[in-house]
Amino acid sequence: MTYGHVDQETGEYVIERPDTPTPWINYLGEGVYGGIVSNTGGGYSFYKDPKNQRVTRYRYNAVPDDQPGRYVYLQDRESGEYWSPTWQPVKTDLDDYECRHGPGYTTIESKYDGIAAEMTYFVPLGEDCELWVLDIENEGRETRTLGAFSYVEFSFPDALGDQTNLDWTGQIMRSRVDETEGVIEMYSSAQELSYTHATSAEVVGFDTQRREFVGQYGSLEEPAVLEAGAARNSQATHDNVIGSFEHDLELEPGESERIVFMTAPERNDDLIAKYDDPSVVDEAFEALQAEWEDYLSTLQVQTPDEQMNTMVNVWNPVQCRSTLYWSRTASRYQAGLGRGMGTRDSSQDTLSIVHAVPDQVRETLEMLWKLQFPDGHAWHQVYPLSGEGDAGLATEDPSKPQWFSDDHLFLVLGTVQYLKETGDYDFLEADIPFEDGSTGSVREHIERAIEFTDEHRGTHGLPRMGYADWNDSLNPDDGSGEAASVMVAMMYCRVLDEVAGLYEFLGEDDRAAELRAKREAEIERIDEHAWDGDWYTRAYDDEGRVIGSASEDYQQISLNTQTWAALGGVDDDRAREAMENAHDRLNTEYGFALLDPPWEGEGKIDRIGGTTTYPPGAKENGGIFCHAHTWSVVAAGLLGDGERAYQYYRQLLPLAHDDVADLRRVEPYVYCQNVLGPAHEEFGVAKNSWLTGTASWAYVGATQYLLGVRPTFDGLLVDPTIPAEWDGFEMEREFRGATYEIAVENPDGVESGVASVEVDGEVIEGNVVPAFEDGETHEVRVVMG
Ligand code: IFM
């Protein structure tokens with residue numbers, strides 16, 4: 001069954017019933033104060049860093065996994081009956097329910113017993129707080145007296161300590177209540193940061209001690225305070241601190257009232273006073289919507305596929321922004337307790353939306369380049385508050401190399417994409433520290449990255465694997481230094497092509513020629529040692545034995561080296577054959593399995609590493625790894641196969657799976673990281689929605705390789721690879737300070753190839769539209785053929 005639909009007017013995803021297969025969430029905030037909110041008001045918040053500045057608590061491994069949340073209870077004062085207008089936590093059978101997730105906000109509307117309630121959650125632009133705006137209306141014929149009780153559960157700022165050091169946190173978390181101003185604060189002597197819950201309405205009672213609110217053997221579903229019908233005015237001098245206000249409402253028929261609740265780090269009286277005026281809230285909400293509209297307007301498409309349009313125009317860039325803000329730190333799957341921002345992850349996150357947020361991308365790249373060591377490799381992750389890096393996963397096994405073979409290469413790809421999109425070539429000369437404090441220009445950083453891969457070679461002279469390449473759990477290097485990655489060899493080919501292209505554009509032909517020669521040599525090594533006959537091998541282990549070959553019992557074929565053969569431009573004919581065989585062996589209705597056959601034996605096999613810790617068909621052991629799948633769209637685009645590019649694009653498209661929501665379980669409006677593969681008993685169940693590299697690459701695949709509009713050093717390339725039955729599409733896109741209104745026509749029903757390009761009525765040579773940089777709108781008419 002389906003649980004919702006897209007509102008075509010607003011782009012919102014409208015959820016029609018609260019009991020979705022898993023909590024379907026949305027992200028609030030723009031990278032500073034933020035959080036997740038589910039379709040029933042569940043979720044948690046954080047301030048700049050989910051690990052060290054967690055604001056509200058998340059109950060790990062809860063069922064459902066969005067607990068607790070930002071809750072309000074309404075109570076009929078006469079009957080004593082109470083309910084949650086967001087359904088959770090009381091789960092009353094509401095007369096009406098609808099949740100609208102939109103960019104940066106969520107609204108949940110419900111009706112119960114003649115009372116209509118609308119709750120809107122959002123973080124006002126540039127402000128360090130979240131608002132819960134509750135509008136209540138009496139739709140009945142009698143006057144109603146109601147009670148309203150809010151509930152937020154604070155976390156100790158160090159979220160890991162909050163879970164592990166109860167002996168300590170249980171003594172030091174305390175509350176302060178200012179009844180007159182309607183402010184509750186959670187503070188502790190041990191951590192400077194305090195947290196606030198505030199209300200715009202007159203306070204008739206409050207609670208700050210969770211035990212008192214819930215009752216020793218009560219629950220959030222039936223809390224003691226609601227059972228008694230009155231707050232206890234509890235003061236938390238230790239234990240678990242909550243924020244709860246009690247309010248009285250008397251509503252004549254047709255009368256409505258608004259209460260604005262705020263949760264924030266630190267007490268900020270100006271902010272509290274500002275949102276005491278309910279009408280100011282509407283302005284803040286409109287400003288937020290306008291900012292998102294601006295962001296989304298930087299690239300809009302009109303294709304024959306309505307679901308694709310919604311994804312490209314709204315939800316995919318919304319998701320990309322969340323990944324750029326929060327990398328892989330905090331979601332329903334990433335617990336926000338350990339991982340910092342991933343170097344490879346965040347580098348890839350910059351690729352998609354650099355046209356929309358170039359400054360933020362530059363800042364991200366600067367932060368990431370600081371993780372690079374003078375020898376060229378980079379820390380695997382960074383903690384955003386301190387800027388410190390570490391080797392991430394690799395630290396779990398110190399006997400293995402403590403570096404990854406792809407982090408620094410993804411950083412180069414992100415940087416070149418930034419340069420192509422913005423034309424900000426001064427960035428190349430910006431001085432950025434290396435990890436040891438010495439400094440170098442961005443150009444120097446790029447060169448060191450190239451040098452590192454060039455100088456670290458294993459079996460057959462292919463690049464060393466290090467702890468892992470993109471596949472975190474493929475760890476064949478036990479110290480001999482022989483383990484090598486074919487995928488990294490292919491990535492390196494792409495990097496060399498990009499950087500040589502940059503130097504050619506800058507007129508530095510000698511260095512460009514040197515890099516092109518390195519690339520040719522790499523291609524020769526790949527051709528000679530990594531072609532398995534029908535496809536490319538994946539890697540070589542510590543003893544130089546092949547991984548990803550027909551000669552093996554398991555993992556005979558891996559997806560990544562078939563797609564990256566095309567992305568690296570290694571050999572188009574072989575890449576075509578490799579993709580064809582990957583299609584036959586790995587493709588399913590929900591996308592490509594990462595490899596086949598998966599490992600089915602007992603125990604962990606060292607020559608493959610963590611892959612063998614997963615059951616067959618799960619994640620890196622033959623699951624459908626959506627992030628890896630997206631490269632098939634890029635590969636098909638580069639190889640000019642429009643039918644396949646579109647087929648692969650649709651296989652992953654979240655909205656295309658709306659009707660199998662019970663199987664997939666995840667939100668149908670955002671991409672997820674993985675789907676259980678054909679070898680798994682529960683083939684088709686999807687996991688890890690929201691924070692995944694799938695988002696960025698799906699957008700790149702759709703806009704730059706399927707629709708084929710991508711930045712180059714010289715201008716905007718228009719090179720579509722679309723299904724033959726499409727008669728064209730339109731795209732409006734910002735590029736270097738000008739607007740391009742591109743109309744692509746496909747009169748002959750071809751899949752690729754451009755016959756002519758007109759810019760502002762003039763035919764141009766080739767299909768690279770100049771970078772006008774003039775703030776004007778330019779009309780581009782492209783005829784395929
Ligand atoms: O590439 C990684 C990513 O960095 C984190 N999630 C898993 C991917 C594949 O192993």
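Criteria and thresholds
Residues numbered from 1 in each chain as written. Predicted model: local features only at pLDDT ≥ 70, side-chain atom pairs only at ≥ 80, totals over all residues. Heavy atoms only, no water. Helix = DSSP H or I, 4+ residues; strand = E, 2+ residues; numbered from the N terminus. Rg over C-alpha atoms; globule rule 2.2 N^0.38 Å. Buried < 20%, exposed > 50% of the residue type's maximum accessible area, 1.4 Å probe, protein only. Contact = heavy atoms within 4.5 Å. Areas by Shrake-Rupley, 256 points an atom, 1.4 Å probe, with all protein chains shown as cover. Lys, Arg positive; Asp, Glu negative; His and termini not counted. Charge placed at Lys NZ, Arg CZ, Asp CG, Glu CD. Salt bridge = Lys/Arg side-chain N within 4 Å of Asp/Glu carboxyl O. Near = heavy atom within 4 Å. Polar contact = N/O pair within 3.5 Å; in protein donor to acceptor, adjacent residues only side chain to side chain. Nonpolar A, V, L, I, M, F, W, Y, C, P; charged D, E, K, R; others polar. UniProt positions renumbered as here; feature names shortened; annotations may be inferred.

As recorded in an unreviewed UniProt entry, the chain goes by the name Glycosyltransferase 36, listed as coming from Halorhabdus utahensis.

Undergrad: Tell me about the overall build of the chain, and name the residues and values.
TA: Along the chain, the regular secondary structure elements total 19 helices and 43 strands. Taking 28 Å as the expected radius of gyration for a compact globule of 785 residues, we find that the chain reaches 27 Å, a close match to that expectation. With 785 residues in all, the chain has 62% of them scored as buried. When contacts within the chain are restricted to residue pairs at least 6 apart in sequence, long-range pairs at least 24 apart make up 67% of them. With an accessible surface of roughly 26800 Å², the chain has 42% of that area assigned to carbon and sulfur atoms. Charged side chains in the chain number 57 positive and 148 negative. The centres of these two groups are separated by 5 Å.

Undergrad: Kindly report on the pattern of salt bridges, identifying the contributing residues and their values.
TA: Tallied over the full model, the rule gives 63 salt bridges. With a closest N to O distance of 2.9 Å, Arg-267 and Asp-178 form a salt bridge. Of the two residues, Arg-267 sits in the loop between strand E19 (256–265) and helix H5 (269–274) while Asp-178 sits in strand E14 (residues 174–178), which places them 89 residues apart along the sequence. A salt bridge links Glu-429 to Arg-443, with the shortest nitrogen-to-oxygen separation between them at 3.3 Å. In this pair, Glu-429 sits in the loop between helix H10 (407–422) and strand E24 (431–433) while Arg-443 sits in helix H11 (residues 442–455), placing the two residues 14 residues apart along the sequence. One continuous salt-bridge network, built from bridges that share partners, spans Arg-57, Arg-59, Glu-153, Asp-162 and Arg-210.

Undergrad: I'd like a description of the site of the ligand, backed by residues and values.
TA: Residues in contact with the ligand, as listed here, are Arg-344, Asp-345, Trp-470, Asn-471, Asp-472, Glu-620, Phe-625 and Gln-673. Between the ligand and the protein, one listed contact pairs an oxygen atom with a side-chain N or O atom of Asp-345 at 2.6 Å. Asp-472 places a main-chain nitrogen or oxygen 3.0 Å from an oxygen atom of the ligand. Burial of the ligand by the protein chains amounts to 93% of its free accessible area of 280 Å². Counted by class, the shell around the ligand contains two nonpolar, two polar and four charged residues.

Undergrad: So what's going on with the UniProt feature "domain: Glycosyl hydrolase 94 catalytic" (unreviewed entry) in the chain? Residues and values would help.
TA: Here the UniProt-annotated "domain: Glycosyl hydrolase 94 catalytic" (unreviewed entry) positions come out as residues 292–708. The distance separating the terminal C-alpha atoms of residues 292–708 is 25 Å; by composition the span is 44% helix and 10% strand.

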